[in-house]
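Below are the chains, spelled out letter by letter.
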Amino acid sequence: MKIVIIGAGIAGVVTLKYALNAGHECDVFEQTGELGGTWVYSDQTDMDEFGFPSHRTMYKGLITNLPKEVMEFHNFRYPSAVEKSFLTQPEVLHYVQSYAYQYNLHNKVKYYKRVTKVAPVGTQWSLTVLDLKTKVETSLRYDAVFVCNGHFFHPHIPNIEGQDIFKGSQLHSRDYRTPEKFKNKRVLIIGGSYSGSDIASHILSSARSVKMSHHSPITIRLADGVTTKPAVVKLNENQVMFSDDSDEEVDVILYCTGYKYFYPFLTEECGIKVEDNWVRNLYKHIVNVERPTLLFIGIPFLTCAFPTCDIQARFALATLEKKVALPSKEEMVKELNEHVNNLRRHNIPQRHIHKIGSYFGEYLNDLAKLAKIEPLPPAVIKLYKHFIEDKPIREATRKYVLVDNENYKEELLC
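Residue numbers run consecutively from 1 along every chain, following the written order of its sequence. Selection of residues for local features in this predicted model requires a pLDDT of at least 70, selection of side-chain atom pairs for listing and counting requires 80 or more, and totals for whole chains, interfaces and linings are taken over all residues. Calculated side-chain values reflect all of the structure's heavy atoms, with hydrogen atoms and water omitted.

1. Re the sheet that holds strand E15 (residues 252–255)
Turning to step 1, where the next piece is worked out: When DSSP finds at least two bridges between two strands, those strands are taken to pair. Think of it this way: any DSSP run of H or I at least four residues long counts as a helix, any run of E at least two long counts as a strand, and we number them from the N terminus. Within the open sheet, the five strands sit side by side as E8-E15-E9-E10-E11. Their pairing is parallel. Two strands close off the open sheet at either side, each with one partner strand: strand E8 (169–172) and strand E11 (226–229). Each neighbouring strand pair of the sheet contributes to a mean axis angle of 25°, computed without reference to strand direction.
Turning to step 2, where the next piece is worked out: Contacting strand E9 (186–190), strand E10 (209–213), E11 and E15, helix H3 (residues 194–203) crosses the sheet at an angle of about 170° to E10. Axis lines are fitted to C-alpha atoms, over the contacting stretch for helices. Their N-to-C directions set the angle, which ranges from 0 to 180 degrees. It only takes one pair of heavy atoms within 4.5 Å for two residues to be counted as in contact.

Pasting the structure below:
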């Protein structure tokens, strides 16, 4: 089977590995010049060197908010010399690139290639690919398409009354790289999740003040000195008004409000629509129910990308190879609708349909069972849930050890 993979980040790399192992002919198109996706750092924040929106959103000084013990591909451990559990961005990138070299994947990636159009042609797919260096477009045919372009580059910025008259700076977290530009500034971060709290801790020493606003109570631990505010309801020229009728003078608003799923290269005939950040209609967050040879790897969020993409890729390939018999379109739609209706009954908004969270183990074990592959070790699931549910303090002096298939333990670093 001739397969194309769009993107050479975590999802694309692991999909390529399994597709090659199965004997498929593969092309990988990567818009940038380096393998690694979101883990690659660049000073670019707006446009890349070719005039297209930059896909780089990594900032300097990032430390993982999950231990490396849950951030591994199947049967590919971090070197034993890496004792600590919480890693820097270069260390994670080195791991991803080492995986690619270990399995000779890097030579299969075609860099500076922008996919501009994907369209069904009978039972196949037509792709239009732009070479960013030569400006030459090429049309190609494939039997299956894996969309692995990630979802951390097209920012979501909420609409707030007065945004157009606010005289301070308004940025999205995708624009953040270093804390210097916040020196002596009164900063309001909108969004109360992990990226917001991490960036707040980075800029605290430079900024005059740092406040975080969120529409619901912030449940993650914040650095000392970061204060919280309720939801923003309105902006004026230099003030922010909050839902508790308080107001603050602010110099910079930093939106840590997440990203949108964005597939401008998919034609309408592909059968994919994004509505309120729900990619419709994907069976198991992977298979396009309209055209099952169009598959998406890495859609779920609030999960761990490495094992999620690893098992998703193997499940997806198993469907192509008929090792997993997909239900009929009607049955897939019915199951999907039942899932969505169940979320709605629990007052979970549509934009969180792809949110996994505490269901990490159940979701991946379901895929593994269907694909008849080895499930994720229970110890990894337990450790991940510990971080999602208990939210322990991320301590550089402590590490986690997977004792066996079932258990993990916490230790002090030597």
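2. Structural notes on the layout of surface pockets
Turning to step 1, where the next piece is worked out: Note on definitions: the grid is 1 Å and covers protein atoms alone; a cavity is a set of points where a 1.4 Å probe fits but cannot get out; a pocket is an open set with protein on both sides within 12 Å along at least five of seven lines; lining residues have an atom within 4 Å of a point. Grid points are joined across faces, edges and corners, and a volume is the space filled by probe spheres set on the points. Here the second largest pocket is characterised by a volume of approximately 310 Å³.
Turning to step 2, where the next piece is worked out: In this structure, the second largest pocket is lined by 17 residues; those nearest its centre are Phe73, His74, Asn75, Leu376 and Pro377.
Turning to step 3, where the next piece is worked out: The greatest single-element share of the lining of the second largest pocket, amounting to four residues, is contributed by helix H4 (residues 305–320).
Turning to step 4, where the next piece is worked out: Gly is placed with the polar residues, together with every amino acid not listed as nonpolar (Ala, Val, Leu, Ile, Met, Phe, Trp, Tyr, Cys and Pro) or charged (Asp, Glu, Lys and Arg). Taken together, the residues that form the lining of the second largest pocket break down as nine nonpolar, two polar and six charged.

3. Things to note about the pairing of E10
Turning to step 1, where the next piece is worked out: Each residue gets one of three labels from its accessible area relative to the maximum for its type: buried under 20%, exposed over 50%, partly exposed in between, using a 1.4 Å probe on protein chains only. Within E10, four of the five residues are buried, which leaves it mostly tucked inside the rest of the structure.
Turning to step 2, where the next piece is worked out: A crossover counts as right-handed when, viewed with the strands pointing away from the observer, the path leading from the first strand over the helix to the second turns clockwise. The parallel pair E9 and E10 is bridged by H3, and the resulting crossover is right-handed.
Turning to step 3, where the next piece is worked out: Where E10 lies against E11, four bridges are found, and the strand directions are parallel. When the sheet's bridge partners are listed, methionine 212 is paired in E11 with threonine 228.

4. Details of the pattern of salt bridges
Turning to step 1, where the next piece is worked out: By definition here, a salt bridge exists when the distance from a side-chain nitrogen of Lys or Arg to a carboxyl oxygen of Asp or Glu is within 4 Å. Applying the stated criterion to the full structure yields 25 salt bridges.
Turning to step 2, where the next piece is worked out: For arginine 394, the salt bridge identified is with aspartate 198, shortest N-O distance 3.3 Å. Placement of arginine 394 in the loop between helix H7 (378–390) and strand E21 (398–402) and of aspartate 198 in helix H3 is noted, with a sequence separation of 196 residues between them.
Turning to step 3, where the next piece is worked out: Close ionic contact of arginine 398 with glutamate 410 constitutes a salt bridge, the shortest N to O distance being 2.7 Å. Note that arginine 398 is positioned in strand E21 and glutamate 410 in strand E22 (residues 408–412), a separation of 12 residues in sequence.
Turning to step 4, where the next piece is worked out: One salt-bridge network, held together by shared partners, links Glu83, Lys399, Lys409 and Glu411.

5. What to know about empty space enclosed by the protein
Turning to step 1, where the next piece is worked out: Enumeration over the complete set of coordinates arrives at one cavity of 30 Å³ or more.
Turning to step 2, where the next piece is worked out: For the largest cavity, the full set of lining residues is Val147, Asn149, Gly150, His151, Tyr263, Ile297, Gly298 and Ile299.
Turning to step 3, where the next piece is worked out: Taken together, the residues that form the lining of the largest cavity break down as four nonpolar, four polar and no charged.

6. So, the packing of helix H1 (residues 10–21) against H4
Turning to step 1, where the next piece is worked out: Contact geometry for H1 and H4: axes closest at 9 Å, N-to-C directions at 40°. The angle between H1 and H4 places the two elements in the oblique class. You can see that H1 and H4 cross each other, and the crossing is right-handed. On the side of H1, the interface is formed by Ile10, Ala11, Val14, Thr15, Tyr18 and Ala19, while H4 contributes Ala305, Phe306, Cys309, Asp310, Ala313, Arg314 and Leu317.
Turning to step 2, where the next piece is worked out: Tallied by class, the residues present in the contact of H1 with H4 amount to 10 nonpolar, one polar and two charged. Any angle from 65 to 115 degrees is called roughly perpendicular, while one under 35 is roughly parallel, one over 145 is roughly antiparallel, and all others are oblique. Crossings are classed by handedness, with left-handed meaning an anticlockwise turn of the near helix from the far one by less than a right angle and right-handed meaning a clockwise turn.

7. Some details on the sheet that holds strand E13 (residues 239–242)
Turning to step 1, where the next piece is worked out: The antiparallel open sheet is built from three strands, whose spatial order is E12-E13-E14. Strands with a single pairing partner mark the edges of an open sheet, and in this sheet they are strand E12 (232–235) and strand E14 (247–249). Ignoring strand direction, the axes of neighbouring strands in this sheet form an average angle of 25°.
Turning to step 2, where the next piece is worked out: Where E13 meets E14, three bridges bridge the pair, whose relative direction is antiparallel. Following the sheet pairing, valine 240 is matched in E14 by glutamate 248.

8. Some thoughts on the nonpolar core
Turning to step 1, where the next piece is worked out: Here, the term nonpolar core denotes a set of buried Ala, Val, Leu, Ile, Met, Phe, Trp, Tyr and Cys residues that are joined through side-chain atoms within 4.5 Å. The biggest cluster of nonpolar side chains holds 84 residues, and the ones touching the most others in it are Ile3, Trp39, Phe146, Ile189, Ile286 and Phe306.
Turning to step 2, where the next piece is worked out: Once residues lying within four places of it in the same chain are set aside, the contact partners of isoleucine 286 are Leu294, Leu295, Phe296, Ile297, Gln312, Phe315, Ala316, Tyr363 and Leu367.

9. A look at the environment of proline 217
Turning to step 1, where the next piece is worked out: Looking at the secondary structure, you find proline 217 in the loop between E10 and E11.
Turning to step 2, where the next piece is worked out: Among the residues examined, proline 217 registers a relative accessible area of 72% and is labelled exposed.
Turning to step 3, where the next piece is worked out: Considered as a pair, proline 217 and lysine 229 are 12 residues apart in the sequence and their alpha carbons are 9.2 Å apart.

10. Topic: the packing of aromatic side chains
Turning to step 1, where the next piece is worked out: A pair of Phe, Tyr and Trp rings is counted when the ring centres sit within 6.5 Å of each other, with Trp represented by its six-membered ring. The angle between the planes then sorts it: under 30 degrees is stacked, over 60 is edge-to-face, the rest tilted. Evaluation of the coordinates by the stated rule reveals 20 aromatic pairs.
Turning to step 2, where the next piece is worked out: Here the aromatic rings of tyrosine 78 and tyrosine 95 are separated by 4.0 Å at their centres, their planes lie at 15°, and the arrangement is stacked. Separated by 17 residues along the polypeptide, tyrosine 78 in the loop between strand E2 (25–30) and helix H2 (89–102) and tyrosine 95 in helix H2 bring together distant segments of the chain.
Turning to step 3, where the next piece is worked out: Residue tyrosine 78 is classed as buried on the basis of its relative accessible area of 9%.
Turning to step 4, where the next piece is worked out: Residue tyrosine 95 is classed as buried on the basis of its relative accessible area, which comes to 3%.
Turning to step 5, where the next piece is worked out: Here tyrosine 263 and phenylalanine 265 contribute two aromatic rings whose centre-to-centre distance is 6.3 Å and whose plane-to-plane angle is 80°, an arrangement assigned as edge-to-face. Here the two residues tyrosine 263 and phenylalanine 265 agree in accessibility, since each one is buried.
Turning to step 6, where the next piece is worked out: Geometrically, a lysine NZ or arginine CZ counts as sitting over a ring once it is within 6 Å of the ring centre and also within 35 degrees of the ring normal. Across the ring face of tyrosine 103, the terminal group of lysine 17 is positioned such that the distance to the ring centre comes to 4.7 Å.
Turning to step 7, where the next piece is worked out: Its end group placed over the ring of phenylalanine 242, lysine 229 keeps NZ or CZ at 4.8 Å from the ring centre.

Geometric descriptors of this kind do not, in isolation, establish any biological role.
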